[in-house]
Amino acid sequence: PTEKTIWKSLRKIPLTKKKGDLVWKLIHNRMKMGEYFLSIPSEEWKAKAYCKCRSIETPVHAFFECEHAKAVWNAIEAHWNVTFDSEWYQPDLSLMMGIGCVSLNQRIGWHNVFLYKQFVVAGMWTIWKVRNSQVFDDAVYTEDQLDRMWKDEIYNSALVEYEAIKLIPFIHQE
């Protein structure tokens, strides 16, 4: 898809400004991690270039290779497989950048595509928040905490959608 198509498609899924900014940063390679921190002339900041597992951070590492990311995606997949009759499709960085354009109708069914997008965005946001709290606050999370965090993101997404719908006047038909 073209860049214009990607941006227009992001309006089709309810994203908060912060989540939209995260997708923008992914697309434009503006994630503040790894090489970004190594370029700052301070040992304290250079230390933040590395994940807790001592790997230099990249978007691929942060969102897919790190243990907390794997735990979040595994929790999402387990929930998906229990809830829906279609198989979970593991996202990758390209899918995350083009999340609004995702069309997995033949793989997961058209009726599940919207929910799939919500699950992926909730996973992305949870992983990003966890990564930031680990890098800047030395936070540690259990798998149960990670599971709860992404479920809270799903709940929050539902509230955002509800608020958007609530703004549309309801016309009572008699």
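Everything in this summary refers to the structure shown in the same document.

Scoring rules and cut-offs
- Residues numbered from 1 in each chain as written.
- Predicted model: local features only at pLDDT ≥ 70, side-chain atom pairs only at ≥ 80, totals over all residues.
- Heavy atoms only, no water.
- Salt bridge = Lys/Arg side-chain N within 4 Å of Asp/Glu carboxyl O.
- Helix = DSSP H or I, 4+ residues; strand = E, 2+ residues; numbered from the N terminus.
- Buried < 20%, exposed > 50% of the residue type's maximum accessible area, 1.4 Å probe, protein only.
- 1 Å grid on protein atoms, 1.4 Å probe; cavity = no way out; pocket = protein on both sides within 12 Å on 5 of 7 lines; lining within 4 Å.
- Points joined across faces, edges and corners; volume = space filled by probe spheres on them.
- Nonpolar A, V, L, I, M, F, W, Y, C, P; charged D, E, K, R; others polar.
- Arc of directions from axis to C-beta.
- Core = buried A, V, L, I, M, F, W, Y, C linked by side-chain atoms within 4.5 Å.
- Contact = heavy atoms within 4.5 Å.
- Phe/Tyr/Trp six-rings, centres within 6.5 Å; stacked < 30°, edge-to-face > 60°.
- Lys NZ or Arg CZ within 6 Å of the ring centre and 35° of its normal.

1. Some details on the pattern of salt bridges
- What the rule picks out here adds up to 8 salt bridges.
- For Lys19, the salt bridge is made with Glu153, and the minimal N-O distance between the two is 3.0 Å. Of this pair, Lys19 sits in helix H2 (residues 17–27) while Glu153 is found in helix H10 (residues 143–166), placing the two residues 134 residues apart along the sequence. The pair formed by Lys19 and Glu153 is uniform in burial state, with each residue classed as buried.
- One salt bridge connects Lys151 with Asp147, and the closest N-O pair in it is separated by 3.1 Å. With Lys151 and Asp147 both in helix H10 and 4 residues apart, this pair spans about one turn of that helix.
- Note on Lys151: relative accessible area 29%, which makes it partly exposed.
- Counted as one network, the salt bridges with shared partners bring together Lys19, Lys129 and Glu153.

2. A look at the layout of surface pockets
- Here the largest pocket defines a volume of roughly 210 Å³.
- Taken together, the elements giving at least two residues each to the lining of the largest pocket come down to helix H6 (67–83) and H10.
- Looking at the lining of the largest pocket element by element, the count peaks at 3 residues for H6.
- A per-class count over the lining of the largest pocket returns 8 nonpolar, 3 polar and 3 charged.

3. Focus on unusual backbone geometry
- Positive phi is not limited to glycine here, since Arg54 has a value of about 80 degrees.
- On the secondary structure map, Arg54 appears in the loop between helix H4 (43–47) and helix H5 (59–65).
- For Arg54, a relative accessible area of 58% gives the class exposed.

4. A look at H2
- All of the buried residues along H2 are Lys19, Gly20, Leu22, Val23 and Leu26. One side of H2 carries all its buried residues, which in axial view fall inside an arc of 155 degrees. Opposite the buried face of H2, at more than 90 degrees from it, the exposed residues are Lys17 and Lys18.
- In the segment just after H2, Asn29 is the residue with positive phi, at about 50 degrees.

5. Things to note about the nonpolar core
- With 36 residues, the main nonpolar core has Phe63, Trp73, Trp88, Met96, Tyr116, Val120 and Met124 as its most contacted residues.
- Those elements that place two or more of their residues in this core are H2, H5, H6, helix H7 (93–97), helix H9 (110–137) and H10.
- If you tally residues by element for this core, the top one is H9, at 10 residues.
- Once residues within four sequence positions are removed from consideration, Val120 is found in contact with Trp73, Trp88, Pro91, Leu95, Met96 and Ile99.

6. A look at the side chain of Ser133
- By the secondary structure assignment, Ser133 is in helix H9.
- In this structure Ser133 touches Asp138, Ala139 and Tyr141, once residues within four positions along its chain are discounted.

7. Regarding the environment of Met124
- Structurally, Met124 can be placed in helix H9.
- Classification of Met124 by relative accessible area gives buried; the value is 1%.
- When neighbours within four sequence positions are excluded, Met124 is seen to be in contact with Leu22, Val23, Leu26, Phe63, Trp73 and Met96.

8. Regarding the packing of aromatic side chains
- Tallied over the entire structure, the rule returns 13 aromatic pairs.
- On the numbers, 5.2 Å between centres and 75 degrees between planes, the contact of Tyr36 with Phe37 is edge-to-face.
- Owing to a relative accessible area of 34%, Tyr36 belongs among the partly exposed residues under this scheme.
- For Phe37, a relative accessible area of 2% gives the class buried.
- Aromatic pair Phe37 and Phe136: ring centres 6.0 Å apart, planes at 75 degrees, arrangement edge-to-face. Of this pair, Phe37 sits in helix H3 (residues 35–38) while Phe136 sits in helix H9, placing them 99 residues apart in sequence.
- Here the aromatic residues Trp80, Phe84, Trp88, Tyr116, Phe119 and Trp150 are joined through ring pairs into a cluster of three or more.
- Cation over ring: Lys48 sits above Trp45, and NZ or CZ is 5.8 Å from the ring centre.

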